[in-house]
Structures are given as C-alpha cells and as structure tokens.
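Understanding the architecture of this molecule
Here is what each chain is made of, one letter per residue.
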Amino acid sequence: MCQHSPPGSDRFGRFLREQIDRELDSLRTVRENTESGSGDVLPHLSLFRGFRECELKSRLLRMHLRCGTGEGPCDTIGAVFPPEDERGCLTRALLGLPYSDRPGYLPRWRP
Ligand SMILES: [Zn+2]
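Residues numbered from 1 in each chain as written. Predicted model: local features only at pLDDT ≥ 70, side-chain atom pairs only at ≥ 80, totals over all residues.

Quick notes on the overall build of the protein
Across its full length, the protein carries four helices and zero strands. When its helices and strands are written in sequence order, the protein yields α-α-α-α. Going through the 111 residues of the protein one by one, you find that 16% of them count as buried. Taking the contacts inside the protein whose residues are at least 6 apart along the sequence as the reference set, 40% of them involve residues at least 24 apart. (Helix = DSSP H or I, 4+ residues; strand = E, 2+ residues; numbered from the N terminus. Buried ≥ 20, exposed ≤ 12 C-beta atoms within 10 Å, placed from the backbone. Contact = placed C-beta atoms within 7 Å.)

Description of the nonpolar core
Among the nonpolar cores identified, the biggest contains five residues, and these are Phe12, Leu16, Ile20, Leu95 and Trp109. Broken down by element, the residue count for this core peaks at three residues, all from helix 1 (residues 11-36). Look past the residues within four positions of isoleucine 20 in its chain and what remains in contact with it is Cys54, Lys57 and Ser58. (Core = buried A, V, L, I, M, F, W, Y, C linked by C-beta atoms within 7 Å.)

Quick word on the confidence of the model for the protein
Interpretation of this model should avoid reading the predicted coordinates in detail wherever pLDDT is low. Across the protein, the average pLDDT comes to 91, with 93% of residues at 70 or higher. Every residue in residues 1-5 scores below 50 in pLDDT, and together they form four contacts with partners more than four places removed in sequence or on other chains. (pLDDT = per-residue confidence, 0-100.)

Observations regarding helix 1
Between its terminal C-alpha atoms helix 1 stretches 38 Å, which fits the 38 Å expected from 26 residues at 1.5 Å a residue. Residues Phe12, Gly13, Leu16 and Ile20 constitute the buried set of helix 1. The secondary structure elements touched by the buried residues of helix 1 are helix 2 (44-63) and helix 4 (90-96). Glycine 37 sits one or two positions beyond helix 1 and adopts a positive phi of about 75 degrees. (Expected span 1.5 Å × (residues − 1).)

Right, dumping it as structure tokens:
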C-alpha cells in the first residue's frame, strides 16, 4: 500500500493549517474568558505571545506553501525534499514539530 498522498494534495500543509487554526480558536476562547473573567484565563503576555506565535507559523507556512512543487522558495535554492516526501522542505517539516502529538500527525513527518 502506498502511504504517500497523491501529488498536489498537500495533506501535510492542510494538517499544519488546521492545527494553527485550532490554536487560534483556543486562544480566542481564552481571550474572551480572560476579558469576561470566567473559565480558563491567561495573563495578557501569554495571550499576546500565543497570537504572535500563530502569526509567525502562519506566515512561514504561507511563504513555504509551494515548496516541493517546483514553485517554492526552497525549490529555487534546491533545498526541497524528494517529491514523494509530502513535507516539502525542512521549514515545513519543522513547523509540524509542535503538533507531533496531535491526531493525524504521521510518524514519517517527524523532522
Ligand atoms: Zn520551503
């Protein structure tokens, strides 16, 4: 059985986007709780940092979205993974590391 996704499906990229979106949803909920004083709350600095980290990951993912397709910045410098490796490039692979405990993360994605 082939364990790789068909070309162009970008399963790994979708996984990353979904994890970042979930993180943002959680942060928004905690921010609402913090503002209303109910439920889980976080100090302002932690919330600020959480949102900025999501922004950083979103920007990196957007920059490296096409890596491995022949159209990304890492393709230009010849620093992409082989075509059968759906991670695309090392930057994308590293972006997945914080989510390696999440459902859907595949062991072969580990950098
Ligand atoms: Zn890249």
